[in-house]
Amino acid sequence: MKRILHIFIAVLAALSLCCCTGNTSKQSMDNDTTTIQSLPVMVDDTTVEGLVVYYPEYSRIDLVCGQMPSQQDTSVIFCAEAAFTHELLDEFAHSNIDGDHVSGGKRYKGAACKDNSGAFAWFGDTTWEFVHGEYTELLDSVAAAGGMGFGQAIIIYNGESIRPLWRDNKVTHYRALCEKDGRLCIVDSRDEVEYERFVGLLEQFEPLHALYMDMGAGWNHSWWRDAAGKVHEIHPVAEKSRYCTNWITFYK
């Protein structure tokens, strides 16, 4: 009888250990999932050597104009210069942004820009669109939907590189707004490279669409926020940063 009782106790102990181990594993998995989902911006610098990719986990996007979003605004998780600035002016004017654009659901007339070969628009819900070519109707639609949009130079559209390249091979840091596997991301060259080299790296990355974003000393000043709320500047403020006019801004 004692032997049977000892065996019964041993079996109960083993079952208890299995249950505890199972619960611990599930809790650990839940914690890991929470950690992944809580990242406001995922940073990937391993998919293509030479590129740094930022994936914002956002609830909305806007084109902020006139003044760069404050780093004290904890709802902002990523911002960077988007459309070109036409002239170096001490006072802001929507007409000094290259190309018509939509900010906060309102459409504005911008300066003419021969380099704007396409556009990006976010419709205020979960949808966005890249276009190659004329984008007047796109901006009308996105303004009616209360979204945002701006014109820029298309680099890749529907998986195909746009040739000939729209700019020369100046050596600098480059950046593009991309759609990759159904997600929006911002792709930076890790180092200063020739433009053709940057396009080659983007081709390796294989986005569906890629739209140029304004760069150069001052215009490349940008930042993102980590899960702890800490701000990381990608490029520092420069003397010409005061001339910047617009920023694509992702909100948590």
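So, how was this worked out
- Residues numbered from 1 in each chain as written.
- Predicted model: local features only at pLDDT ≥ 70, side-chain atom pairs only at ≥ 80, totals over all residues.
- Heavy atoms only, no water.
- Helix = DSSP H or I, 4+ residues; strand = E, 2+ residues; numbered from the N terminus.
- Buried < 20%, exposed > 50% of the residue type's maximum accessible area, 1.4 Å probe, protein only.
- Contact = heavy atoms within 4.5 Å.
- Areas by Shrake-Rupley, 256 points an atom, 1.4 Å probe, with all protein chains shown as cover.
- Pairing = 2+ DSSP bridges.
- Polar contact = N/O pair within 3.5 Å; in protein donor to acceptor, adjacent residues only side chain to side chain.
- Salt bridge = Lys/Arg side-chain N within 4 Å of Asp/Glu carboxyl O.

So, the overall build of the protein
Piece 1. Helices and strands together make up the secondary structure of the protein, namely 3 helices and 17 strands.
Piece 2. In the protein, which comprises 252 residues, the proportion classed as buried is 46%.
Piece 3. In the protein, once contacts between residues fewer than 6 apart in sequence are set aside, the share between residues at least 24 apart is 67%.
Piece 4. Total accessible area computed for the protein in this model is approximately 13100 Å², and 53% of it derives from carbon and sulfur atoms.

A look at the sheet that holds strand β1 (residues 41–44)
Piece 1. Read from one edge of the open sheet, 7 strands run β1-β2-β13-β12-β14-β10-β11, paired in antiparallel fashion. At either end of the open sheet lies a strand with only one pairing partner, and these are β1 and β11 (160–161).
Piece 2. Direction of pairing for β1 relative to strand β2 (residues 51–56): antiparallel, over a ladder of 4 bridges. Each bridged residue has a counterpart across the sheet, and for D44 the counterpart in β2 is V53.

Quick notes on the side chain of T245
Piece 1. Here T245 is to be found in the loop between β16 (231–235) and β17 (246–251).
Piece 2. For T245, the side chain forms a polar contact with the side chain of N246, separated by 2.9 Å.
Piece 3. Setting aside residues no more than four positions away along its own chain, T245 makes contact with V64, C65, G66, E81, F84, T85, F92, N96 and I97.

Section: the pattern of salt bridges
Piece 1. Throughout the structure, instances matching the rule amount to 12 salt bridges.
Piece 2. For D90, the salt bridge goes to R242, with nearest N and O atoms at 3.0 Å. Taken together, the residues D90 in the loop between β4 (76–81) and β5 (101–103) and R242 in the loop between β16 and β17 connect sequence positions 152 residues apart. As far as burial versus exposure is concerned, D90 and R242 are alike and both exposed.
Piece 3. For the salt bridge of D100 with K109, the shortest nitrogen-to-oxygen distance reads 3.9 Å.
Piece 4. Residue D100 is classed as buried on the basis of its relative accessible area, which comes to 14%.
Piece 5. On the basis of relative accessible area, K109 is assigned to the exposed category, the value being 62%.
Piece 6. Within the structure, one salt-bridge network assembled from shared partners comprises D100, R107, K109 and D140.

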